[in-house]
Amino acid sequence: MIAMRFKYSTSDPAQDESDSLPRVPLILHSQGNQAIETLGLVDSGATVNVLPFDLGVKLGWNWDERKAIIRLAGSFGALPAMPCFAQATIRGLPPVRLAFAWAKSSDGNDTTVHYAASSCKRTACKAGKASARR
């Protein structure tokens, strides 16, 4: 088992240091050879990776409301989400294929990958916990 340490930071310079969360820089690659650098929020208790809508667009994904079948929980509960896959690279580790719930938010302001609870069946979305994610 590999022990990992993650830097705690805020997503906005105006936030107080006490609002820091564990984040890790990562590079996501789509099958179409699109790549984006982003921050991932580490949540070791998450059952699914939630990818913000604008990051999926940058990866070249096409939104299809008919495929938005994943029901998220918590603060993401009202957002439609569809299953998608991307290759993730974190410096110093081999690339891994991750499953995401690509969520379409109403404001589109969040650009951080989240790990959240999901009510989807494991067999339906196969979105497991990431061992080394943002």
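Remember, predicted model here, so these are calculated numbers, not experimental data.

**Q** Would you mind showing me how to read the pattern of salt bridges here?
**A** As a working rule, side chains carrying opposite charge can pair if their charged atoms are close by. Under the counting rule described, the total for this entry stands at 1 salt bridge. Here R66 ties to D64 by a salt bridge, and the two come within 2.9 Å at their closest N and O atoms. Residue D64 is classed as buried on the basis of its relative accessible area, which comes to 16%.

**Q** Could you clarify how one ought to interpret the pairing of strand 2 (residues 21-29) in this entry?
**A** In regular strands, side chains alternate between the two faces of the sheet. Pairing of strand 1 (residues 7-9) with strand 2 involves 3 bridges; the strand directions are antiparallel. Looking at the pairing, S9 lines up with L21 of strand 2. As paired elements, strand 2 and strand 3 (residues 35-41) share 7 bridges and run antiparallel to each other. The partner of V24 across the bridge, within strand 3, is G40. The loop that links strand 2 with its antiparallel partner strand 3 comprises 5 residues; one of these, N33, has a positive phi angle of about 65 degrees. Across 3 bridges, strand 2 lies against strand 6 (residues 80-89) in antiparallel orientation. Residue pairing in the sheet places H29 in a bridge with Q87 of strand 6.

**Q** Even after reading the chapter, I still don't get the packing of aromatic side chains, so can you show me in this structure?
**A** Given two aromatic rings, their pairing is described by the distance between the two centres and the angle made by the two planes. This structure, assessed with the given rule, holds 4 aromatic pairs. Ring geometry for W63 against W102: centres 5.2 Å apart, planes inclined by 75 degrees, an arrangement best described as edge-to-face. Residue W63 is located in the loop between helix 1 (53-58) and strand 5 (70-71), and its partner W102 is located in strand 7 (residues 96-103); the two are separated by 39 residues in the primary sequence. Across the pair, W102 and W63 agree in class, each one buried. Members of the aromatic cluster, connected to one another through ring pairs, are F53, W61, W63 and W102. The ring of F85 carries the charged tip of R97 above its face, separated from the ring centre by 4.2 Å.

What counts and how
- Residues numbered from 1 in each chain as written.
- Predicted model: local features only at pLDDT ≥ 70, side-chain atom pairs only at ≥ 80, totals over all residues.
- Heavy atoms only, no water.
- Salt bridge = Lys/Arg side-chain N within 4 Å of Asp/Glu carboxyl O.
- Buried < 20%, exposed > 50% of the residue type's maximum accessible area, 1.4 Å probe, protein only.
- Pairing = 2+ DSSP bridges.
- Helix = DSSP H or I, 4+ residues; strand = E, 2+ residues; numbered from the N terminus.
- Phe/Tyr/Trp six-rings, centres within 6.5 Å; stacked < 30°, edge-to-face > 60°.
- Lys NZ or Arg CZ within 6 Å of the ring centre and 35° of its normal.

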